[in-house]
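Observations on chain architecture
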Amino acid sequence: MTDFPLAPRALPLVGHSLALLRHPLPFLESLPSHGDVVGIRLGPATMAMVCSPDLLHTMFMDDRTFDKGGLVYDRAARVIGHTSIAIATRDDHRRLRRAAQPGFAPERMADYARQATREVDTATSRWRDGQDVDIHQEMMGLTSRVLVSALITGLSDEQGRLLADDLSTVTVRRWARAMLLPPALLRLPTPGNRDYWQARNRLRQMSASLVAARRSSPVDTGDLLSALLAPGTGGPSDQEVLDSVTTYFVAAVETGAAGLSWALYLLSQHAEVAEALHAEAASVLGGRAATADDVHLLPLAVRVATEVLRLYPPVWFITRTVTATTTLGGYTLKEGTTVGFSPYMIQRRPDLYPDPGRFDPDREPGPRNALIPFGSGARKCMGDNLAMIELVVTLATIAGRWRLTYTDGPRPLTPTFGLTLAPRPFTLRVTLHS
């Protein structure tokens, strides 16, 4: 076979773009019923969506043939730069990854985890019994402070606040439009476009200031930026460091906040799980904040975190570019073909996870290659361990101290569709455990 099937109901001119904009998750969930490789049309272009975990594994293991590129990365480059580690093609990616690797060494990871514990303890200690908390805003602030204090030091509280707001603009409020609309439409002087470009430019300016300051005073402060600028790490240029710093801003803050927000919402909706997690945290922690050393003593917290990432993987839509004509799943993919995949789609396939929309931390593990919230292969997220530690530490600390009540009535929480699958704004009422 050479031609993969096309998903039904493509519209003239726009193809499936409106379906992705209006109802992206149901649309993605429908694709596996049409085959392991399914074409979707975005305007005049056709993208090959890979719907099989085994075929995705094949892709992940061959990053030479399935290199970074395609719609998502072309548009992402507008925010995080064309030389970013997240955008770079294979050879540059490997060089930049080697340069960044010391920043994820065990001793530095331990420091980052301790910073996460301090920030979680400080943030939740400010809550008051009966307070209504804007959860996503609170989690954005928390992950921003962890980033500032652990990964890239030197930002003031005001800079951290502005950073969180700009990240939300470019990765949540405006990202889907920036990804799917033609570039010409993004240059129109609409209020939304102005907000997007102003936030994007401020992010770049802040990153540039940090890089310039560190180049002028090359002292190892123990953070990721020091690792990138250290001599002998592959010599990334200022532009490459700038783009990579912007990438880590986007990756560490928004994805972490999205995962934590979904987790706290789900606990508010499942009292039995929340009470069991409280009992586990109370037994292990005795009211103190959790640390990385506690993670192996908190198996339910780990299972809750894993199930949250299955249901709501922060990065939900990704693309690659085929660099040489190849076959995948019996279909010929020509050089230059854009290939897309969705961790959300894979992790909600009912044949892989029975009753896939149900939150069940005790469910049996899915098949091999069917849980990919951090990707896999040479491009797997470098901060996956830290992200899990931060999620487990935060959940256990909060569950050990607070009960959570959803205050937005019977309406279920729905996602926004930016770079990350973040929830819309919502509040939880926090009450102290007696």
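Rules of the game
Residues numbered from 1 in each chain as written. Predicted model: local features only at pLDDT ≥ 70, side-chain atom pairs only at ≥ 80, totals over all residues. Heavy atoms only, no water. Pairing = 2+ DSSP bridges. Helix = DSSP H or I, 4+ residues; strand = E, 2+ residues; numbered from the N terminus. Axes fitted to C-alpha atoms, helices over the stretch in contact; angles between N-to-C directions. Contact = heavy atoms within 4.5 Å. Core = buried A, V, L, I, M, F, W, Y, C linked by side-chain atoms within 4.5 Å. Buried < 20%, exposed > 50% of the residue type's maximum accessible area, 1.4 Å probe, protein only. Phe/Tyr/Trp six-rings, centres within 6.5 Å; stacked < 30°, edge-to-face > 60°. Parallel < 35°, antiparallel > 145°, perpendicular 65-115°, else oblique. Left-handed = near helix turned anticlockwise from the far one by under 90°.

**Some points on the sheet that holds strand S10 (residues 427-432)**
One open sheet accounts for three strands, arranged S4-S10-S9; its pairing is antiparallel. Single-partner strands in this sheet number two, and they are strand S4 (131-134) and strand S9 (402-406). Averaged over all pairs of adjacent strands, the angle between their axes in this sheet comes to 35°, without regard to strand direction. Looking at chain direction, S4 and S10 are connected through four bridges and run antiparallel. Following the sheet pairing, valine 133 is matched in S10 by leucine 428. Running over the sheet, helix H13 (residues 238-269) touches S9 and S10 and is turned about 85° from S9.

**Topic: unusual backbone geometry**
The phi torsion at arginine 9 lies on the positive side, around 65°, for a residue other than glycine. Looking at the element boundaries, arginine 9 is found in the segment before helix H1 (17-22). Despite not being glycine, asparagine 369 shows a phi value in the positive range, around 75°.

**A closer look at the sheet that holds strand S5 (residues 318-322)**
As summarised here, the arrangement of the five strands in space is S1-S2-S8-S5-S3, forming an open sheet in which the pairing is mixed. Two strands in the sheet have a free side with no partner beyond their single neighbour: strand S1 (37-42) and strand S3 (66-68). In this sheet, neighbouring strand axes are inclined to one another by 40° on average, regardless of whether the strands run parallel or antiparallel. Bridging between S1 and strand S2 (residues 45-50) involves six bridges; their strand directions are antiparallel. Following the sheet pairing, leucine 42 is matched in S2 by alanine 45. Taken strand by strand, helix H3 (residues 53-61) contacts S1, S2, S3, S5 and strand S8 (338-341), and its axis lies near 125° from that of S8.

**A closer look at the nonpolar core**
Counting residues in each nonpolar core, the largest one holds 120 residues, and the members touching the most others are Leu31 and Phe249. If one sorts the elements of this core by residue count, H13 sits on top with 14 residues. Sequence-distant contacts of phenylalanine 249, that is, excluding residues within four places in its chain, are made with Leu147, Ile152, Leu155, Leu163, Leu167, Ser207, Leu210 and Glu254.

**Observations regarding the environment of leucine 210**
Its location among the elements puts leucine 210 in helix H11 (residues 191-216). Along the chain, leucine 210 and leucine 20 lie 190 residues apart, while their C-alpha atoms are 37 Å from each other.

**Description of the packing of aromatic side chains**
Pairs of aromatic rings are described using the distance from one ring centre to the other and the angle between the two planes. One pass over the structure, following the stated rule, counts nine aromatic pairs. A centroid spacing of 6.3 Å and a plane angle of 75° characterise the contact between tryptophan 262 and tyrosine 265, whose relative ring orientation is edge-to-face. With tryptophan 262 and tyrosine 265 both in helix H13 and three residues apart, this pair spans about one turn of that helix. Cluster of aromatic residues (ring-pair linked, three or more members): Trp262, Tyr265, Tyr312, Tyr406 and Phe426.

**As for the pairing of S2**
On a regular strand, each side chain points to the face opposite its neighbour's, so the side chains alternate between the two faces of the sheet. Counting the residues that bridge the hairpin from S1 to S2 gives two residues, and of these glycine 43 lies at a positive phi of roughly 65°. Bridge count for S2 against S8 is three bridges, and the pairing is parallel. Residue methionine 47 lies in a different strand from S8, and its bridge partner there is threonine 338.

**A few points about the packing of helix H15 (residues 299-311) against helix H17 (residues 384-401)**
Helix-helix packing is described using two parameters, namely the angle between the two axes and the distance between the axes. Between H15 and H17, the shortest axis-to-axis distance is 9 Å and the interhelical angle comes to 120°. By the angle class used here, H15 and H17 are oblique. Crossing handedness for the pair H15 and H17: right-handed. Where H15 approaches H17, its residues Ala301, Val302, Val304, Ala305, Thr306 and Leu309 are matched on the opposing element by Met388, Leu391, Val392 and Leu395.

Note that every value here comes from positions in space, so none of it alone points to a role or purpose.
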